[in-house]
Amino acid sequence: MPILQQKHIIGLSPLIYAFEGHPKKTKETHLFDGEKNNEEFLTLIYDGKDNNFPKQFHQGLFVTEAELNQYKIDKGNSFRLKCFLWVIDNNSIKIIWEMTSNVKRGEYVFGKPFVCHTNITGENGQAYIGGEMYFCENGNIYVNFTSDRFGVVATEEKKLMAKQYIEDCGYKNIIRTDNNL
Amino acid sequence: MQTKNIFLLDDEFPKIKEFIEAEIYHKAISADNLYHLALNENWKSLNHLQQLIKDIITSEAFKGGMINLSGYSDPELALQDIESGSKPDVVIYDWQYGAEINNTNSQKWLLEILGKTSAFVFVYSLIEQTLPAFLNKESFSKYLDRFQLFSKGGKFPLSFSAEEFIFQYIISSASKKGKIQIDGIKIEFSSNDYLSNASDILYLQRILGNQYLLDQLNKIDFSIDTASVEKLLNDSNGFIFFNKEKGYLISSENRLIEDKKIQNLEEISYLNVVKQYSLETLETVLERGILYL
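Here goes a summary of the coordinates provided. Keep in mind that this is a model prediction, so the values were computed, not measured. (Residues numbered from 1 in each chain as written. Chains lettered and ligands numbered in written order. Predicted model: local features only at pLDDT ≥ 70, side-chain atom pairs only at ≥ 80, totals over all residues.)

1. Let's talk about helix H9 (residues 162-175) of chain B
Along an α-helix, residues three or four positions apart point the same way, because every turn accommodates 3.6 residues.
All names here are of chain B.
Right, so step 1: Taking 1.5 Å as the rise per residue, H9 with 14 residues should run 20 Å; its terminal C-alpha atoms sit 20 Å apart, in good agreement.
Right, so step 2: Extensive coverage of H9 is indicated by the burial of 13 of its 14 residues.
Right, so step 3: Lys176 lies just past H9 and shows a positive phi near 65°. (Helix = DSSP H or I, 4+ residues; strand = E, 2+ residues; numbered from the N terminus. Expected span 1.5 Å × (residues − 1). Buried ≥ 20, exposed ≤ 12 C-beta atoms within 10 Å, placed from the backbone.)

2. Quick word on the interface of chain B and chain A
Right, so step 1: With 38 residues of chain B at the contact, the number on the chain A side is 35 residues.
Right, so step 2: Elements represented by at least two residues in the side of chain B that touches chain A include exactly helix H7 (132-135), helix H8 (138-141), strand E5 (147-151), helix H10 (201-208), helix H11 (210-216), helix H13 (256-259), helix H15 (279-288) and strand E12 (290-292) of chain B. (Contact = placed C-beta atoms within 7 Å.)

3. Some thoughts on the packing of helix H5 (residues 75-83) of chain B against helix H6 (residues 104-116) of chain B
Residue and element names in this part refer to chain B.
Right, so step 1: Interhelical geometry of H5 versus H6 gives an angle of 20° and a closest axis separation of 10 Å. In terms of their interaxial angle, H5 and H6 are classed as roughly parallel. Regarding H5 and H6, the two cross each other, and that crossing is left-handed. Taking contact as the criterion, the partners of Pro75, Leu79 and Ile82 in H5 are, on H6, Trp109, Glu112, Ile113 and Lys116.
Right, so step 2: Of the residues belonging to the contact of H5 with H6, the class tally is five nonpolar, no polar and two charged. (Axes fitted to C-alpha atoms, helices over the stretch in contact; angles between N-to-C directions. Parallel < 35°, antiparallel > 145°, perpendicular 65-115°, else oblique. Left-handed = near helix turned anticlockwise from the far one by under 90°. Nonpolar A, V, L, I, M, F, W, Y, C, P; charged D, E, K, R; others polar.)

4. Focus on the nonpolar core
Right, so step 1: Tyr93, Val121, Val123 and Ile170 of chain B are the most contacted members of the largest nonpolar core, which has 85 residues in total.
Right, so step 2: When residues in this core are grouped by element, the largest group, eight residues, is from H9 of chain B.
Right, so step 3: The residues touching Val123 of chain B, leaving out its near neighbours within four places in the chain, are Tyr93, Trp95, Leu110, Phe147, Gln148, Leu149 and Phe150 of chain B.
Right, so step 4: Counting residues in each nonpolar core, the second largest holds 43 residues, with Phe19, Trp86, Tyr128 and Phe150 of chain A among its members. (Core = buried A, V, L, I, M, F, W, Y, C linked by C-beta atoms within 7 Å.)

5. Comments concerning the sheet that holds strand E6 (residues 177-182) of chain B
Residues and elements named next belong to chain B.
Right, so step 1: If you trace the three strands from one edge of the open sheet to the other, you get E6-E7-E8, paired in mixed fashion. This sheet does not close on itself; its edge strands, each paired only once, are E6 and strand E8 (223-224).
Right, so step 2: Summarising the sheet, E6 and strand E7 (residues 185-190) pair through six bridges and their orientation is antiparallel. Looking at E7, one finds that Gln181 is bridged to Lys186. (Pairing = 2+ DSSP bridges.)

Right, here's the structure in full:
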């Protein structure tokens, strides 16, 4: 079931623009240059409909059990070095390694010369929802919705359907990290 | 105050006869000799670098002994000095050396510098836009928070040129004072309880939003110090929540609060988050929605 089916679309709707629905942030106030473009990253963005590991993935990017605890990934914290950003757009899930170098963003957002969610969608692209995913050596895939652009304001219904869709793509052992709050 | 060591690596320093004969280029080039070259020679397309050297050497921070500046026309010479115990705080690293096409050595040297020092490295190049292809590797990614790519002579988006930004970064690192420019507005900076470097002002921009920060600047006399950071955060009336029992901070707009019916959340103002933790912590919570401490 590679691309979104009607049941997924119903559960995931509506498609939103970055920061849409966010009470404090808008594209105008919080989207900086270097965060608006996706053209140069298109070849690195993986279409997860084939349920394989993303592009750029290699054995060294498996999260170890020790890292899982050290960085509190299973609780929802970030471990940028092994983090993959994802969004579900109008077609399927798109994934990119967060540490993908983004020179332009580094110039505008000093200290962050790597990609963000809007480098997948582009400034005017829409997505249903987004977050992070970590492939762990224990076989689990830890998924969260920690994206101020596409995740923070997402409803529980959206999150449930997002997990369902990722599983329907064939990814196994999906663990939500926000179940013990 | 500890002196900041600045290494400037570039193989295109002007080569003059007297320096060649004195083998000046075969070791660290002193600040005096760099200044001599900057004042007297034609740097052609490197005129921005020439001006950077002039600015550093004529700065109060340099005159006050707070900055050491050394030039290297070959990264191997810099690495030899590093092996011998020299510890640069900031490295300005030219990416291209000679006629090398595949940049193999540029990558190797950069990795060695990052691995053997704790310096912040400005990677400085005429081919900035093609660099990500070389740098999208795990070997570089673990250092991504310690280097910054700049285009030689490029226009830095915050209205400084790349070289002006590097200059201000160096000056504020050394003297704890500096300037930064946001949308053309110059902001005076003093190292304070919350921000150690002028470029940290950009955290405020990401927290408060660009327009809000610009609107507030006249209320703080275009100057960033401890008091003005507190005023900016306080006036924003921003707050997040703290779950003391579970040990996490969560942004007030995070839908999880409603959907999971989370109880026992304590309101904590932006200012208190910054006082108790850091500006970076606040920015992370607002960006990711939640952070376990």
